[in-house]
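An overview of the molecular structure
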Amino acid sequence: GWYGWLIDYWMEGGILRDYFDHKLTTKAHWAKLRAPETFTYGELQWDVNICTTDPLPGVDYDEVCDPAVLADCKAKVIISAERLMDPATGHEEHRKIGTLLNQTDGMADYLVNETAWDCLYDLIVANNTDGIAPEGTEDYNDYRIREGYQTRKHIVSTRHLNKMVQQLTRLINKYSAA
């Protein structure tokens, strides 16, 4: 699935792979995969985009990760949205973001002092149970104010659960061996 594709992208430094079966793919097919809303499911399939009489695609990189342009195209930090929004784990999670920004050229000069990070997190997330922008802040509302949020449930079928397990097993096997 999509998460596995994204994990492969970052773990492999931006190598172009097909979303559905993770085969190496071309820049033209990659462009389609990056705009799935403009193509049918069939048009996105690897077999439709790669002619069987042509040689298989070699390793190619996303233009933002091309080794000729960028020496290290790897995720710098991994965060969890769920952990970020959970007041019990949010401080640790938001500090990952702050620390990375603080170490990034051109960003440190625009950050508030690190001593204020936890206070800001508490104001915006931990002590803000409804997700509405705190008084004195502008343009901040988070997912908690979405209409119907509490009533929306994701029912997972056995088929979907099996696909999730297969994807996780594929990723564990692939990256545990490395």
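This text follows the structure it describes.
Residues numbered from 1 in each chain as written. Predicted model: local features only at pLDDT ≥ 70, side-chain atom pairs only at ≥ 80, totals over all residues. Heavy atoms only, no water.

What follows deals with the overall build of the protein. If you tally the helices and strands in the protein, you get 8 helices and 0 strands. For the protein, the succession of helices and strands along the chain, N to C, is α-α-α-α-α-α-α-α. Relative to its 178 residues, the protein shows a buried fraction of 24%. On the protein, roughly 12900 Å² of surface is accessible, and the fraction owed to carbon and sulfur atoms is 58%. (Helix = DSSP H or I, 4+ residues; strand = E, 2+ residues; numbered from the N terminus. Buried < 20%, exposed > 50% of the residue type's maximum accessible area, 1.4 Å probe, protein only. Areas by Shrake-Rupley, 256 points an atom, 1.4 Å probe, with all protein chains shown as cover.)

Another aspect to go through is the packing of aromatic side chains. What the rule picks out here adds up to 6 aromatic pairs. With centroids separated by 5.7 Å and ring planes inclined at 80°, the aromatic side chains of W5 and Y19 adopt a geometry described as edge-to-face. Highlighted residues: W5 in helix 1 (residues 2–11) and Y19 in the loop between helix 1 and helix 2 (27–33), separated in sequence by 14 residues. By relative accessible area, W5 is classed as buried at 8%. (Phe/Tyr/Trp six-rings, centres within 6.5 Å; stacked < 30°, edge-to-face > 60°.)

Moving on, we come to the pattern of salt bridges. In this structure the tally under the stated criterion is 12 salt bridges. Among the salt bridges present, the one from K23 reaches D21, with a minimum N-O distance of 3.7 Å. (Salt bridge = Lys/Arg side-chain N within 4 Å of Asp/Glu carboxyl O.)

When you line up the elements, D18 lands in the loop between helix 1 and helix 2. Comment: no salt bridge for buried D18; closest opposite-charge side chain is K23, at 7.0 Å. With residues near it in sequence (within four places) discarded, D18 still touches W5, K23, T25, H29, L33, L44 and W46. (Lys, Arg positive; Asp, Glu negative; His and termini not counted. Contact = heavy atoms within 4.5 Å.)

Now for the environment of V64. With respect to the helices and strands, the residue V64 is situated in the loop between helix 4 (46–49) and helix 5 (81–85). Judged by its relative accessible area of 52%, V64 falls in the exposed class. Sequence-wise, V64 and G14 are 50 residues apart; in three dimensions their C-alpha atoms are separated by 7.8 Å. Filtering out sequence-adjacent residues up to four positions away, V64 remains in contact with Y9, L70 and C73.

We now examine the packing of helix 6 (residues 90–102) against helix 7 (residues 117–126). Look at helix 6 against helix 7: their axes get within 10 Å of each other, and the N-to-C directions meet at 125°. Classed by the angle they form, the pair helix 6 and helix 7 counts as oblique. As for the relative orientation of helix 6 and helix 7, their crossing is right-handed in sense. Between helix 6, through G90, H91, H94, R95, G98, T99 and N102, and helix 7, the contact on the second element is made entirely by W117, D118, Y121 and D122. (Axes fitted to C-alpha atoms, helices over the stretch in contact; angles between N-to-C directions. Parallel < 35°, antiparallel > 145°, perpendicular 65-115°, else oblique. Left-handed = near helix turned anticlockwise from the far one by under 90°.)

Now for the nonpolar core. As a rule of thumb, soluble globular proteins bury nonpolar side chains together. Counting residues in each nonpolar core, the largest one holds 8 residues, listed as W5, Y9, L16, W30, L33, L44, C65 and C73. Broken down by secondary-structure element, the contributors of at least two residues to this core are helix 1 and helix 2. Leave out the neighbours within four places in its chain, and W5 touches R17, D18, Y19, H22, W30, L33 and R34. (Core = buried A, V, L, I, M, F, W, Y, C linked by side-chain atoms within 4.5 Å.)

Glancing now at helix 7. Every buried residue of helix 7 is listed here: W117, Y121, V125 and A126. Buried residues of helix 7, seen end-on, are gathered within an arc of 90° and therefore sit on one face of the element. In this structure, the buried residues of helix 7 make contact with helix 5 and helix 6. (Arc of directions from axis to C-beta.)

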